[in-house]
Amino acid sequence: MANFNKIWKNFLTEGTFQQKSADNDELYEFETLEDPKNDEKLLREVTEEELYHIYRAIEEMEASDLAFNELFDGKKRVVVDFPALNTTTELGRFINLWQQMGYDVDWQKGIISGERTLKNLQTLVGQGPWPGVLGPAIKTTKRKVQMKIGKFLSKVIQIKTKLNNLRNEIRAKMPSTIFSMRQVIEVLGEDRAKDFYRLDDQLEMLVGTAMATIVLGYPTTTPKGPIEQFFDYWQKNADYIKKNLDTATDNRYSIIITRHPIDILRMGDFDNIESCHSPPSRQGTGEYYKCAVAEAHGHGAVAYVVETEELLDAYDKKTISQVEDDPAFQDDEVFRDYERSIEAGDVDPVSRLRLRQVRHYKEDEALNSSFGIGTELAVPERRIYGTKVPGFRDRLLKWARENQSEQLRTAPRSPDHPLTKQGEEPWEYGTLNLSRFIKFGGSHEDTFIYDLIKDLFGDLPARGIPIQDTKTQSDLDVSLVGGLVERYQAECDEISERFNVMMANTSVEGTAHDDGADSVYISVEARITIRWDEDEWKTWPSIDSIGWALKEMEDLGYNWVKSDYVHDFRRSPLTAVKSLTIDVEPEHLVGFDGNSYAYAPDHYEDFCLAVDQEVDEKRDAVKHYLTYYFKREGDIHGGAIMKLGNDVQNDEMGLYHWEGEAEEGYEMGEFELVTFIAHPVLQYKKLGLSKEQAANILKSRDFWLDVRKRMAAPAFEKTGHEYYPDICLDCDLINDASLLDEDEEIETNLHLFLGTEAPDEVVEVLRELVEIWDDQEEIDRVANEVLALIAKKAPVSEICNYDDMKELSSINKIERLLWDI
């Protein structure tokens with residue numbers, strides 16, 4: 001039973017294991033054989049033999065013998081609040097961002113939406129100077145924005161980059177940071193000045209005036225601006241936020257920070273937060289379990305995220321401070337163990353993070369714990385085991401800094417560097433001398449202690465390398481198992497088989513190696529295969545094109561994509577499928593903490609989990625982006641409407657007498673609708689018609705079909721395709737103001753449009769049509785010719801009047817289908 005549950009770990013809390021299908025997202029559920037009353041259990045037993053080490057430690061040590069006695073004020077455990085949605089946390093700031101910008105957010109789908117106002121400053125370029133203080137009124141249009149969060153942030157970053165490049169170019173020639181339009185034109189020229197104001201208008205429309213200033217970096221205080229940081233945050237935490245935001249209230253979680261030996265020993269004893277420190281009874285290998293025992297012998301601490309309500313119920317208290325003051329909480333076991341239910345507690349941990357014991361020493365103090373006392377520091381690790389609750393490490397760092405301010409201030413600084421103030425905190429000054437720091441406890445590190453110390457000090461500059469003291473670990477009688485390479489390989493093969501069955505499009509492989517230095521490492525590999533039906537493709541993509549597609553994916557945040565290799569793009573003649581296999585770069589995989597290999601089977605399983613979550617779970621997004629890219633490059637059918645929509649959205653067509661509108665879809669690069677509107681002016685009086693008669697003709701289907709036919713003819717000839725774009729006859733065809741005036745003409749509205757399913761050929765026709773007919777006189781001429789012909793064909797009273805002609809769009813599509821046949 002233990003082995004069965006080990007295989008289906010991480011799914012115990014739901015009671016089922018869900019296997020993904022490569023063909024669709026249907027989930028097949030397999031019932032676990034767990035006792036129903038234990039469906040929620042998160043930890044298993046540590047055997048009595050394994051507890052022997054720690055029982056001895058508990059008997060031999062007083063509370064003052066444990067690490068961080070001053071920090072814990074003599075207590076073995078403290079509890080701190082964890083306001084996950086407080087605006088002082090990363091998650092809170094991220095949620096608040098969208099409220100500040102005025103967007104509604106569907107968190108489950110990851111989509112933002114809102115109505116925005118777009119200025120058109122670019123239309124004023126070249127029209128000045130104007131008399132007086134004020135120029136002409138700025139034309140504005142309403143836009144509906146609906147985008148995926150990742151796409152929105154990526155687009156803002158792209159606009160910001162282009163805009164700041166132009167700003168820097170202007171700033172290099174102008175002394176001021178605020179430029180007049182005359183100065184912008186003087187430096188960039190009229191065409192590039194229009195690009196400058198178009199980008200500025202787009203940025204302000206998307207994020208708002210106040211946020212636009214922040215996005216552009218006034219002032220720039222970090223290597224990455226706020227919008228880039230939000231983009232990185234979303235890439236790393238999107239899955240958690242989508243699944244948990246509706247229940248992540250301010251007081252849902254608390255953090256237990258503990259130096260109690262039993263809590264440290266058991267830090268690998270949890271189903272959802274197993275690690276290399278798991279004891280042998282948990283299928284752990286033992287080689288890092290001794291680190292946990294060393295930490296438990298008075299050299300470390302661990303922080304656990306727990307459900308606040310469960311913690312309060314376990315001790316029948318109303319506040320977490322009351323729990324902390326309870327003697328039972330301080331002395332007894334807190335965390336649940338179903339096999340040792342009498343001895344264990346009633347709280348299930350959600351995730352955990354270690355605190356390392358480090359001491360720093362003055363220049364005249366011996367670098368040895370036997371001779372010099374040193375100053376003790378609790379240094380939080382980076383790696384979180386279990387549920388990656390956003391903000392967990394940030395909250396722990398905040399607690400560690402607030403409660404160790406004096407220890408941070410008195411830490412040794414390099415005598416060879418000035419004591420320059422680096423920030424507002426009293427300890428933010430100078431350059432750290434890390435050669436005067438010693439790390440105690442277990443030897444295993446998820447992250448180098450050098451980096452962890454710098455994190456605690458807010459990334460102050462540093463010199464030197466910390467020393468490691470592993471005497472306690474070396475003295476422990478914990479033996480390793482022989483034949484480690486073979487054992488590791490067998491475990492890796494089992495893990496690989498399990499994940500390769502579970503994942504839909506992705507495969508993993510782990511190979512154990514002797515490193516030649518009495519240790520073992522595991523090389524890790526993963527690859528994802530994306531498949532398309534062959535008839536989706538127009539041409540076979542080039543190697544260079546595939547490389548650029550994968551490079552763009554890296555730039556969009558898919559850092560795990562390996563782009564610098566010969567890509568495996570192939571065609572299956574039996575299934576009429578084309579497929580692209582992409583290798584994964586392990587060190588760039590979110591959740592694998594920058595590692596290029598695994599140090600134990602449990603670590604390899606972390607790699608597989610990261611591949612499942614960051615690669616296979618996002619297979620649809622990967623395919624969507626690649627499809628978008630190959631459409632854009634003309635390799636897959638359907639790219640013409642995307643390019644047309646982009647050109648309209650970015651005002652790159654240079655049209656004067658057609659108004660272009662592009663309505664974005666839900667996915668990257670998708671456009672639900674691209675519309676062009678012209679305004680033919682009809683000289684009805686010259687034809688002997690009354691205004692009422694002319695207006696009646698404008699409701700005739702024949703009139704608009706004939707106008708479209710005449711306009712499409714030269715586009716047919718130029719493109720070689722005879723496909724008609726859709727024409728809207730249930731739109732407002734006549735401007736109301738035109739009907740009320742006393743002029744001898746009527747201004748009308750001609751709407752030509754195409755939707756997301758439009759074939760490339762008809763898109764080419766529409767593009768050519770509007771470019772050929774971008775002349776108001778010519779538009780008026782053809783419309784008046786058709787008006788005259790229809791007026792001569794039959795008495796106006798006999799012209800068929802259509803109040804609702806929505807069926808015309810369907811007729812157009814049928815015509816295109818018949819043409820294909």
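Relevant structure appears above.
A quick note: this is a predicted structure, and the numbers were derived from the prediction, not measured.

**Quick notes on the overall build of the chain**
Here comes step 1: Helix and strand counts for the chain come out as 27 helices and 26 strands.
Here comes step 2: Counting over 821 residues, the chain shows a buried share of 52%.
Here comes step 3: In the structure as shown, the chain presents an accessible area of about 38,800 Å², 48% of it carried by carbon and sulfur atoms.

**A closer look at the sheet that holds strand β21 (residues 659-664)**
Here comes step 1: Pairing in this open sheet of four strands is antiparallel, and the strands run β21-β22-β26-β24 from one edge to the other. Strands with a single pairing partner mark the edges of an open sheet, and in this sheet they are β21 and β24 (726-727).
Here comes step 2: Of the strand pairs in this sheet, strand β22 (residues 671-678) and strand β26 (residues 750-755) are connected by six bridges, and their pairing is antiparallel. Note on β26: the bridge partner recorded for Ile-677 is His-751.
Here comes step 3: Running at roughly 60° to β22, helix α21 (residues 639-649) makes contact with β21, β22 and β26 of the sheet.

**Quick word on unusual backbone geometry**
Here comes step 1: Of note, the phi angle at Asp-73 is positive, near 55°, even though the residue is not glycine.
Here comes step 2: Relative to the helices and strands, Asp-73 resides in the loop between α2 (48-60) and β3 (77-82).

**Digging into the nonpolar core**
Here comes step 1: Among the nonpolar cores identified, the biggest contains 95 residues, and Trp-560, Tyr-604, Phe-607, Leu-626, Trp-658 and Phe-703 are the most heavily contacted of them.
Here comes step 2: Leave out the neighbours within four places in its chain, and Trp-560 touches Ile-528, Ile-582, Asp-583, Val-584, Glu-585, His-588, Leu-589, Glu-614, Val-615 and Val-622.
Here comes step 3: Judged by nonpolar contacts, the second largest core, of 50 residues, contains Ile-170, Phe-179, Leu-206 and Phe-231.

**Some points on the packing of helix α23 (residues 701-719) against helix α26 (residues 776-793)**
Here comes step 1: For the pair α23 and α26, interaxial distance at closest approach is 10 Å and the crossing angle is 135°. One finds that α23 runs oblique with respect to α26. The hand of the α23/α26 crossing is right-handed. Taking contact as the criterion, the partners of Asp-702, Phe-703, Asp-706, Val-707, Arg-710 and Met-711 in α23 are, on α26, Ile-779, Val-782, Ala-783, Glu-785, Val-786, Leu-787, Leu-789 and Ile-790.

**A look at the pairing of β3**
Here comes step 1: Judged by how many residues are buried, β3 sits mostly within the fold: five of six residues are covered.
Here comes step 2: Where β3 meets strand β7 (residues 253-258), six bridges bridge the pair, whose relative direction is antiparallel. Paired with Arg-77 across the strands is Thr-258, a residue of β7.

**Thoughts on the sheet that holds strand β4 (residues 104-106)**
Strand pairing within a sheet occurs via backbone hydrogen bonds; the two strands may be parallel or antiparallel.
Here comes step 1: The three strands are arranged β4-β5-β6 in an open sheet whose pairing can be described as antiparallel. Sheet topology places β4 and β6 (140-148) at the edges, where each strand pairs with a single neighbour. Strand-to-strand, the axes of this sheet are offset by a mean angle of 25°, without reference to chain direction.
Here comes step 2: Pairing between strand β5 (residues 111-119) and β6: nine bridges, direction antiparallel. Counterpart to Leu-118 in the pairing with β6 is Thr-141.
Here comes step 3: Sheet contacts for helix α4 (residues 149-171): β4, β5 and β6; angle to β6, the most-contacted strand, approximately 125°.

**Digging into the environment of Thr-756**
Here comes step 1: When you line up the elements, Thr-756 lands in the loop between β26 and α25 (760-772).
Here comes step 2: Sequence separation between Thr-756 and Phe-671 is 85 residues; the distance between their C-alpha atoms is 5.7 Å.
Here comes step 3: Ignoring any residue separated from it by four or fewer positions in sequence, one finds Thr-756 in contact with Ile-641, Glu-670, Phe-671 and Glu-672.

**Details of the pattern of salt bridges**
Here comes step 1: Across all of its chains, the model carries 37 salt bridges by this definition.
Here comes step 2: The shortest N-O distance in the salt bridge between Glu-494 and Arg-498 comes to 3.2 Å. Of this pair, Glu-494 and Arg-498 both sit in helix α17 (residues 484-502), separated by four residues, roughly a single helical turn.
Here comes step 3: A relative accessible area of 33% places Glu-494 in the partly exposed class.
Here comes step 4: Note that Glu-605 and Arg-498 form a salt bridge whose closest N and O atoms lie 3.0 Å from each other. Taken together, the residues span a long stretch of sequence, with Glu-605 in helix α19 (residues 601-614) and Arg-498 in helix α17 at a distance of 107 residues.

**Description of the side chain of Asp-616**
Here comes step 1: Mapped onto the elements of the fold, Asp-616 is located in the loop between α19 and α20 (619-632).
Here comes step 2: Residue Asp-616 is classed as buried on the basis of its relative accessible area of 0%.
Here comes step 3: At a separation of 2.9 Å, a polar atom in the side chain of Asp-616 contacts the side chain of Thr-506.

**Observations concerning helix α10 (residues 308-315)**
Here comes step 1: Of the residues making up α10, those classed as buried are Thr-308, Leu-311, Leu-312 and Tyr-315. All buried residues of α10 project into a common sector of 95° when viewed along the axis, lining one side. Opposite the buried face of α10, at more than 90 degrees from it, the exposed residues are Glu-309 and Asp-313.
Here comes step 2: The secondary structure elements touched by the buried residues of α10 are β3, β7, β8 (300-307), α11 (320-324) and α12 (327-331).
Here comes step 3: One or two positions beyond α10, positive phi appears at Asp-316, with a value near 55°.

**Some details on the packing of aromatic side chains**
Here comes step 1: On inspection of all chains with the given rule, the structure shows 28 aromatic pairs.
Here comes step 2: Taking 6.2 Å as the distance between ring centres and 75° as the angle between the ring planes, the aromatic pair formed by Phe-72 and Trp-399 counts as edge-to-face. On the criterion of sequence distance, the pair formed by Phe-72 in the loop between α2 and β3 and Trp-399 in helix α13 (residues 392-403) is long-range, its members being 327 residues apart.
Here comes step 3: Under the relative-accessibility criterion, Phe-72 is labelled buried at 1%.
Here comes step 4: Aromatic pair Tyr-558 and Trp-560: ring centres 6.3 Å apart, planes at 85°, arrangement edge-to-face.

Rules used throughout
Residues numbered from 1 in each chain as written. Predicted model: local features only at pLDDT ≥ 70, side-chain atom pairs only at ≥ 80, totals over all residues. Heavy atoms only, no water. Helix = DSSP H or I, 4+ residues; strand = E, 2+ residues; numbered from the N terminus. Buried < 20%, exposed > 50% of the residue type's maximum accessible area, 1.4 Å probe, protein only. Areas by Shrake-Rupley, 256 points an atom, 1.4 Å probe, with all protein chains shown as cover. Pairing = 2+ DSSP bridges. Contact = heavy atoms within 4.5 Å. Axes fitted to C-alpha atoms, helices over the stretch in contact; angles between N-to-C directions. Core = buried A, V, L, I, M, F, W, Y, C linked by side-chain atoms within 4.5 Å. Parallel < 35°, antiparallel > 145°, perpendicular 65-115°, else oblique. Left-handed = near helix turned anticlockwise from the far one by under 90°. Salt bridge = Lys/Arg side-chain N within 4 Å of Asp/Glu carboxyl O. Polar contact = N/O pair within 3.5 Å; in protein donor to acceptor, adjacent residues only side chain to side chain. Arc of directions from axis to C-beta. Phe/Tyr/Trp six-rings, centres within 6.5 Å; stacked < 30°, edge-to-face > 60°.

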